[in-house]
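Read off the chains here:
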Amino acid sequence: MMMGLIPWLLMLVVCGHASARKIVSCSNEKEIVFLLDSSRSLGSDNFQKVLNFTRLMVNRYDISTNKTRVAAISFSTVARLEFGLNQYHSAKELRRAVEAIPYMDGLETNTHLAFRKALDRVFSPNPSENMTQAIICVTDGQPTNPYALKDVVDEARKRNILLFAVGVGSEVEEGLEQIATNSTSDFIYHAANFDQGLINIIRNFSQHACFDDDDVEVCRAKPMDVVFVLDRSSSVGEVNFTRLINFTSEVAGVMDIRPEAAQIAAVTYARDVTIEFTLAQHLNKTQVLNGLGNIRYSTTNAAYTATDEALELVRHAVLNPQNGARNDNSTGKVVIVVTDGLSQERVRTRKMAAALKGDGVVIFAIGVGMELKEELQAIATNSTDGSQEFFFEITDYQALANIKHIVARTACQV
């Protein structure tokens, strides 16, 4: 397969025990198998994007032995089982396992071998009526052996497997119909570009892929002091700042906000840093959401990104008992930084982040744009399991909507 000439193709195959004319309702018990193309036509960088997609998908499920179990198979010339359904029983373990999957760089795209391994060696052979089985297959284009793939897909259909197809690129729509259950919009999805399109797929499939998105239950009665640190520099602009406030409101909205559970504060910054409201200022969800809605974007002194000063103010003023912060060991301390630019004082920014982390604060770093990775990885807390669960990299502010569930669930598990 020639690199660059084959359009990106993402096939999402969701299996359920029902006829091909009906989408089954989601069951509590699920077996999900990711099939990840690792052929040379992807390239190492794009394979890392596929792994990031997989990691974000895993976060949408309630991983446990009696609810959702996940396996992964990578494929190129051969198909390799990376881990089975019974190997990892928490989202944190799975994220670490996904990030550790090595790139094969194989010459062929033997998708049929991955499907065959999933059907023969991974799934429970006699699933109960109460089980949903799913294959999520990510590939960059045409299979090396389309006839063998047709045979194994036909076998999957005979097992009442529902086929959802998503294409990324301008030349994949005909191929999507060949692998979908039918040509309706229920089964075919298309994205114009690979980077953002791949992430958008997570949101598009939220009603079909049986995600476990009960964030409110995860966050119930969780004692947390949460500080949102929001970039309002000139590079953000008023429209994107509104998107940023909406994202913040949606994350805060699933938390159990009351003095004995979650307390929320908000800080905005450009050259100047402003405490919009403290942890003790708003005592319930309505007050917090109204407070966030009252934050206004300003272009005054906006041509600067003082991330270091924002983190310093959070440490000394916001996370201060005089402003409502709690010092007991049972209260989680969370700072969520969202920015689209490198800080002007990069060394000092890392120093301020290190000081906060030394105080036991967990820092989420969300970068909008593709040039912030090194700085934001240094700001973000390193997970004890080696994963990067507190660092997020997205291409634009619209993509914040795609990570709101993940950020909320992860914050409530701190």
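The structure presented is a predicted model; accordingly, all values stated were derived computationally and were not measured.

> Before we move on, could you go through the packing of aromatic side chains and cite the residues and values that matter?
For the structure on display, the rule yields four aromatic pairs. An angle of 80° between the planes, with centres 5.3 Å apart, marks the rings of F83 and Y88 as edge-to-face. Among the residues examined, F83 registers a relative accessible area of 3% and is labelled buried. Judged by relative accessible area, Y88 falls into the partly exposed class, the value being 22%. On the basis of an interplanar angle of 40° and a centroid distance of 5.5 Å, the ring pair of F241 and Y297 is categorised as tilted. One end of the pair, F241, is in helix α8 (residues 237-253); the other, Y297, is in the loop between α9 (285-293) and α10 (307-318), and 56 residues separate them in sequence. Here F241 matches Y297 in class, with each residue buried. The residue whose ring lies beneath R55 is F392, and the NZ or CZ to ring-centre distance is 5.8 Å.

> Quick rundown of the sheet that holds strand β11 (residues 332-339)? Include the residues and the values.
Spatially, the six strands line up as an open sheet ordered β10-β9-β8-β11-β12-β13, and their pairing is mixed. Edge positions in the sheet fall to β10 (273-277) and β13 (391-394), since each of these pairs with one other strand and no more. Sheet twist, expressed as the average angle between the axes of neighbouring strands with direction ignored, equals 15°. Across six bridges, β11 lies against strand β12 (residues 362-368) in parallel orientation. Looking at the pairing, V334 lines up with V362 of β12. On the sheet, α8 packs against β8 (224-231), β9 (262-269), β11 and β12 and is oriented at approximately 170° with respect to β8.

> I'd like a description of the packing of helix α1 (residues 44-58) against helix α2 (residues 91-99), backed by residues and values.
For the pair α1 and α2, interaxial distance at closest approach is 9 Å and the crossing angle is 170°. Relative to α2, the element α1 is oriented roughly antiparallel. Contacts between α1 and α2 involve L51, T54, R55 and V58 from the former and A91, L94, R95, V98 and E99 from the latter. Classifying every residue of the contact of α1 with α2 by side-chain character gives five nonpolar, one polar and three charged.

> For α10, give the residues involved together with the corresponding values.
Among the residues of α10, those classed as buried are T307, D308, A310, L311, V314, A317 and V318. Looking at the buried residues of α10, the elements they touch are β8, β9, β10, β11, α11 (346-358) and α12 (373-379).

> Tell me what's going on with the nonpolar core, and back it up with residues and numbers.
In terms of nonpolar packing, the biggest core is built from 68 residues, with M255 and I366 touching the most fellow members. The contacts of I366, once residues within four sequence positions are left out, are F247, I336, V337, V338, T339, L376, F392, I394, L400, I403 and V407. If you look at the next biggest cluster of nonpolar residues, it comprises 24 residues, including L42, F47, V58 and L198.

Quick notes on the rules
- Residues numbered from 1 in each chain as written.
- Predicted model: local features only at pLDDT ≥ 70, side-chain atom pairs only at ≥ 80, totals over all residues.
- Heavy atoms only, no water.
- Phe/Tyr/Trp six-rings, centres within 6.5 Å; stacked < 30°, edge-to-face > 60°.
- Buried < 20%, exposed > 50% of the residue type's maximum accessible area, 1.4 Å probe, protein only.
- Helix = DSSP H or I, 4+ residues; strand = E, 2+ residues; numbered from the N terminus.
- Lys NZ or Arg CZ within 6 Å of the ring centre and 35° of its normal.
- Pairing = 2+ DSSP bridges.
- Axes fitted to C-alpha atoms, helices over the stretch in contact; angles between N-to-C directions.
- Contact = heavy atoms within 4.5 Å.
- Parallel < 35°, antiparallel > 145°, perpendicular 65-115°, else oblique.
- Nonpolar A, V, L, I, M, F, W, Y, C, P; charged D, E, K, R; others polar.
- Core = buried A, V, L, I, M, F, W, Y, C linked by side-chain atoms within 4.5 Å.

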